[in-house]
Amino acid sequence: MPPKKKPVVEEKPPEPSTPGIQPVFLTQQTCDMFNVALDADANPYMLLNCQKILDDIQFRGKISDWHDSKTVIQAYPEPEILLVIDEDNVYGQNYFLCSTVESKMNHMKVAASEEEASKEQAAEEAKVEEEDAPPKELVPPRPWENLGSDVEMENAKIKSKRERIVLSVSRQRKHFAGSYRFYDEPGDYQEFRPYRDQNFELLLRERDSEVQAVPKTSAVSVQTQWFRKINSSLQYEPLMVMNTGDMDEATTAKVAEFMENVAHRTEEKMWQNETFDVFEDDYAKLGEEEATLGSNLDSSIKEYQSFTDITYSKNKVVSCIDWMPGGRGVVAVSCTERMTFDDRVEVDGTVPISYILIWNFIDPIHPQFILEAPGDCYAFRFNPLDPNILAAGCINGQTMYWEMSAIMAQVKAKQNAGYSEDEEKDTTTAPVLKPALVSTIEGSHKRCVTTLIWLDPGTEIHSRTGVRHPKQHGDPDKPTTQQFVTIASDGMVLFWDIRSTRDDKNGGVLWTPVYRLSLPAIEGAGDLGGMQLVLQPSTAEVTSKFFCTSEEGEFIIGDWLGLNKTQEKAAEETEATTSISLESYLAHHGPCCALERSPFFDDILLTVGDSTFNIIKEGLKQPIMTSTSATHSLTTGKWSPTRAGVLVTGKGDGSVDVWDLLDRSDQPSMSVDIASSAITSLEFWSESKTHQQLLAVGDEHGTLHIMEMPRNLRRPTGHEENVMRSYYDREERRVQYMQDRMAFRAQELVQKRGEEAQRQRAEEEAAHAAAAAEAAAAAALAAGQVGEEGEPAKVAVVQVVEEKKESKEDILAEQEYLKLEQECRKQFGIKDPVPPEEPAPVA
């Protein structure tokens, strides 16, 4: 058979210096994202969407493999660009882009010609093989003759010619399972380079090998992607009913009869359409039962990204996290010092400076910009309707806010324009923004601000009466919020308005709260040390109800007004102040570190403290669910924003517990180790477009971990809200039954104790009466007094004692006995005994 010939191609691939070629290196992750599966022989090129590549560059920034080709892709005139595999690294990378239309047509023409030439050559080779193939003849097998090969095979076997060496290695038991400590040397290292040793050089002098003449075979499989051509622009012509004239009477009667026959069935189907969702996709719910926590599917929490800064966040505590509303991949982090109370006393008097870092997924190494604060910030929140405003509370009790519209526009302009060479060299420094307004020390809290909450859009607090009412100014279709509330352990709840400022005598600006609320201690004197705060959501009727927790683990239900609408209107007219009403019960045996309302049920709250968490139903004096004690103390907790039955808690050992109440409620469904230090804060972020849910986790070492939630923890199951509502209602009935039962048992106990006290008093009275009777009998005997019938006065004494029976049963028995005695006396004619006279006093 003649040797294979390479196909002759008229045009050669472009050289490295040919214009219109942009080399690019693609990792396996990028190939999976864009479905790139090219082969130099079968499928050497493919078309990619330019807009999709630019979106990836915008989202991942410099870590994107397309970042160096951004200008080429932006300048490309067509919507799809050609990607060609460079298996021989002709241009220095594993792929290259055709940056011009001419280069694209050239490579496609070369590939088409190569494919056509290979097909022709394959057809010629097949034809030659068919012509030169000899006729197949069956050859009968010959008998096998032994020519001495069995001796050769026996000699080829390896045989032992010496005794085997037995080596025993032992070690004392005390050296097993020892504790070792590994650490890095500060720069001293030792290098072992290979060298040639003549003492251990072995030469192969003789080698036995077998060769069998068989053709080499190989199995090759090729799979290419085929995209079906679809005409995306279609137009339908409606079918119009032509007016053929009036129907005759027979046709009208038939139509009426038909309508009368199908009216009942049509009405039934219409009711079914109202009851069931006919547009629901049943196939979308397939596989939900398989995607449980115990299956082998993708049900684990994976780390998506991590952020840390050597200057601002290393060896510090991530105290608070908040995602920028409306911003994709932008998260703010507050880093505070790891100091004890004694350490803070030593540095008291100095001017501390703390920072809030704004991280962006585009640059995971350096923060996008930094917010400067006059102290450690343990609570901050973005304005839910204006992401350019961020309010925070400091450890010294002051509050402040930043206006970030200018710096955000500056950063966005740099991202769109690209960085110059000088700016790329100097990327270690991020722009720093100072607060726009800081509250006065006299008008602020006296202790650390622990919680900050923006009021619901469209509502505000009256500055004099404290009545929470809808806004009377502004566009009702575009609600805004300019007020927020803070709580601290000094027993104060302050309401702030970023618009309410006044000038002082020196020309400065004073910012004070618009309304103050004092929380007195429920038991004893002093103030209530507040930790966490949640306001009642604004519905059709705006209320002044709130929930908070204390440093002692109390759960407090309060109302700073507690008035009805008529009283609220009178209070606004008279500008009168009202007192606060508080109710509480012990929820934890230590400070409560988290309080959050369920995003699905307004009357369900979550509290986290010590080593347990509680689920509380509004209106009950007892939690409807208390978790089992964890192995380590719980530090924070959050509800899932997309699943009604999932919540996440952080622990002191650096792990996160995921509780799926639909799966089990006695123990966590999943426990994930995230950091080597304690978890300090949690915050969820979800996006409906990409069906992605991220969990930001902060630890005590200043690292922000971005975890990606799996599908089974972010996608709700069928009727999950209804199932959880039934579960909460069932637990509420159980708690209510237990409360009623305990109240009944307490009432029974009180009644039993009353009967016991009454019985003791009756016994004491009977004892006193018996003692008096015995004394009287003794005196009568001493005086020699007897009855008319000759009986001593002792009979009358016994009769008096018997009348002092304490129980009702004894009294009834005594009455029956007296009746029988009277009848017997009448029957036998015996007179009634005369009561004895008073005995004379004994000298």
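Numbers given to residues run from 1 along each chain, matching the order in which its sequence is written. For a predicted model such as this one, the threshold for reporting local features is a pLDDT of at least 70, and the threshold for listing and counting side-chain atom pairs is 80 or more; totals across whole chains, interfaces and linings nevertheless cover every residue. Hydrogens and water are ignored here; the side-chain numbers use all heavy atoms of the structure.

A few words on the overall build of the chain. In terms of regular secondary structure, the chain is built from 14 helices and 37 strands. Out of the 843 residues belonging to the chain, those deemed buried represent 35%. For this analysis, residues touch if any pair of their heavy atoms sits within 4.5 Å. Nonlocal contacts in the chain, meaning residues at least 24 apart in sequence, comprise 60% of its contacts between residues at least 6 apart. Residue-level accessible areas treat just the shown protein chains as cover; the underlying method is Shrake-Rupley with a 1.4 Å probe. If you sum the accessible surface of the chain, you get close to 57,200 Å²; carbon and sulfur atoms cover 52% of it. Labels follow the DSSP assignment, with helices taken as runs of H or I lasting at least four residues and strands as runs of E lasting at least two, numbered in each case from the N terminus. Exposure classes here rest on a 1.4 Å probe applied to the protein chains alone. A residue is buried below 20% of its type maximum, exposed above 50%, and partly exposed in between.

This brings us to the sheet that holds strand β22 (residues 515–518). One open sheet holds the 4 strands; their spatial order is β15-β18-β19-β22, and the pairing between them is antiparallel. One side of each edge strand has no neighbouring strand; the edge strands of this open sheet are β15 (449–454) and β22. For this sheet, the mean angle separating the axes of adjacent strands, direction not counted, is 20°. Strands qualify as paired when DSSP identifies two bridges or more between them. For helices, the fitted axis covers only the stretch in contact; all axes are lines through C-alpha atoms, and the angles between them, taken along N-to-C directions, range from 0 to 180 degrees.

The buried fraction of strand β19 (residues 492–497) is high, at 6 of 6 residues. Neither face of β19 is open: one carries M492, L494 and W496, the other V493, F495 and D497, and all of them are buried. Bridging between strand β18 (residues 483–488) and β19 involves 5 bridges; their strand directions are antiparallel. Within the sheet, the bridge partner assigned to T486 lies in β19 and is L494. Hairpin remark: β18 followed by β19, antiparallel, with 3 residues in the connecting loop; positive phi at G491, about 80°. Direction of pairing for β19 relative to β22: antiparallel, over a ladder of 4 bridges. Bridging across to β22, F495 finds its partner in Y515.

Glancing now at unusual backbone geometry. Notably, N35 is not glycine yet its phi reads approximately 55°, a positive angle. Although it is not a glycine, H719 adopts a positive phi angle of roughly 55°. Relative to the helices and strands, H719 is located in the loop between α11 (711–714) and α12 (720–783).

Assignment of secondary structure puts S669 in the loop between β33 (655–660) and β34 (670–673). Side-chain atoms alone can form a polar contact between residues adjacent in sequence; in general such a contact is a pair of N or O atoms within 3.5 Å, and within protein one must be able to donate a hydrogen while the other accepts it. Looking at S669, its side chain comes within polar contact range of the main-chain nitrogen of D660, at 3.4 Å.

Throughout, disulfides are identified as pairs of cysteine sulfur atoms within 2.5 Å of each other. A full pass over the atoms with the stated rule returns 0 disulfides. Here C394 is not cross-linked by a disulfide; its sulfur's nearest cysteine counterpart is in C377, at 3.9 Å. Residue class for C394 comes out buried when judged on its relative accessible area of 0%.

Next up on the list: the nonpolar core. Put simply, a nonpolar core is a bunch of buried Ala, Val, Leu, Ile, Met, Phe, Trp, Tyr and Cys residues held in one set by side-chain atoms that sit within 4.5 Å of each other. I356, I358, F369, L371, L390, W402 and M404 are the most contacted members of the largest nonpolar core, which totals 22 residues. Breaking this core down by element, the ones donating at least two residues are β7 (330–336), β8 (354–360), β9 (369–373), β10 (377–382), β11 (389–394), β12 (399–403) and α8 (405–417). If sequence neighbours within four positions are ignored, M404 has contacts with F369, L371, F382, P387, N388, I389, L390 and L433. One finds L606, F613, M625 and W639 within the second-largest nonpolar core, a separate group that totals 20 residues.

This next bit is on the environment of S550. Note on placement: S550 falls in strand β24 (residues 545–550). A relative accessible area of 0% means that S550 is categorised as buried. For the pair S550 and G530, spaced 20 residues apart in the sequence, the C-alpha separation amounts to 4.4 Å. With sequence-adjacent residues up to four places away left out, S550 is seen in contact with L528, G529, G530, M531, I556, P591 and C592. Among the polar contacts listed, one links the side chain of S550 to the backbone nitrogen of E554, at a separation of 3.1 Å.

A separate point is the environment of P387. The topology assignment puts P387 in the loop between β10 and β11. Sequence spacing of P387 and M404 is 17 residues, and the spatial spacing of their C-alpha atoms is 8.3 Å. Setting aside chain neighbours within four positions, we find P387 in contact with M324, P325, F382 and M404.

Like-charged residues are merged into a patch within 9 Å and nonpolar side chains (Val, Leu, Ile, Met, Phe, Trp, Tyr) within 5 Å, provided each residue has over 30% relative accessible area and no salt bridge. The salt bridge definition used is simple: a Lys or Arg side-chain nitrogen within 4 Å of an Asp or Glu carboxyl oxygen. On the surface, a cluster of nonpolar side chains totalling about 290 Å² of accessible area is made up of V255, F258 and M259. Summarising the element assignment, F258 is placed in helix α6 (residues 249–275).

Moving on, we get to α12. Given 3.6 residues per turn, any residue in an α-helix points the same way as the ones three and four places further on. For a helix, the expected span equals 1.5 Å multiplied by the number of residues minus one. The terminal C-alpha atoms of α12, which comprises 64 residues, lie 94 Å apart, in line with the 94 Å expected from a rise of 1.5 Å per residue. What α12 keeps buried is the set E720, M724, Y727, Y728, E731, V735, A762, A769, A773, A777, A779 and A780.

Pairs were defined over the aromatic rings of Phe, Tyr and Trp, the Trp ring being its six-membered one, requiring ring centres within 6.5 Å. Orientation was assigned from the angle between planes: stacked under 30 degrees, edge-to-face over 60, tilted for the rest. This model, assessed by the stated rule, comprises 21 aromatic pairs. Where F555 meets Y585, the ring centres are 5.6 Å apart and the plane angle is 55°; that geometry is what we call tilted. One end of the pair, F555, is in strand β25 (residues 554–559); the other, Y585, is in strand β26 (residues 581–586), with 30 residues separating them in the sequence. Note on criteria: charge over ring means Lys NZ or Arg CZ within 6 Å of the ring centre, with the direction from the centre no more than 35 degrees off the ring normal. R328 extends its terminal NZ or CZ atom over the ring of F59, reaching a point 4.2 Å from the ring centre.

Time to look at the sheet that holds strand β32 (residues 646–651). If you trace the 4 strands from one edge of the open sheet to the other, you get β31-β32-β33-β34, paired in antiparallel fashion. At either end of the open sheet lies a strand with only one pairing partner, and these are β31 (634–639) and β34. Geometrically, the sheet is characterised by an average inter-axis angle of 20° between neighbouring strands, direction not taken into account. Strand direction decides the pairing type here: β32 and β33, joined by 5 bridges, are antiparallel. Looking across to β33, one finds that V648 is bridged to V658.

It is worth spelling out the environment of L510 at this point. Its place among the elements puts L510 in strand β21 (residues 509–510). For the pair formed by L510 and S439, sequence separation is 71 residues and the distance between their alpha carbons is 6.9 Å. Once residues within four sequence positions are removed from consideration, L510 is found in contact with T440, T501, R502 and D504.

The subject of this paragraph is the confidence of the model for the chain. The pLDDT value expresses, per residue, how confident the predictor is, ranging between 0 and 100. Averaged over the chain, the pLDDT score is 78; the fraction of residues at 70 or greater is 77%. Put simply, helix α10 (residues 565–574) is where the chain has its lowest mean pLDDT, 45, and β32 is where it has its highest, 94. Below pLDDT 50 for its whole length, residues 785–798 participates in 18 contacts with residues either more than four positions away or in separate chains. The low-confidence segment residues 836–843, where pLDDT is below 50, has 10 contacts with residues more than four positions distant or belonging to other chains.

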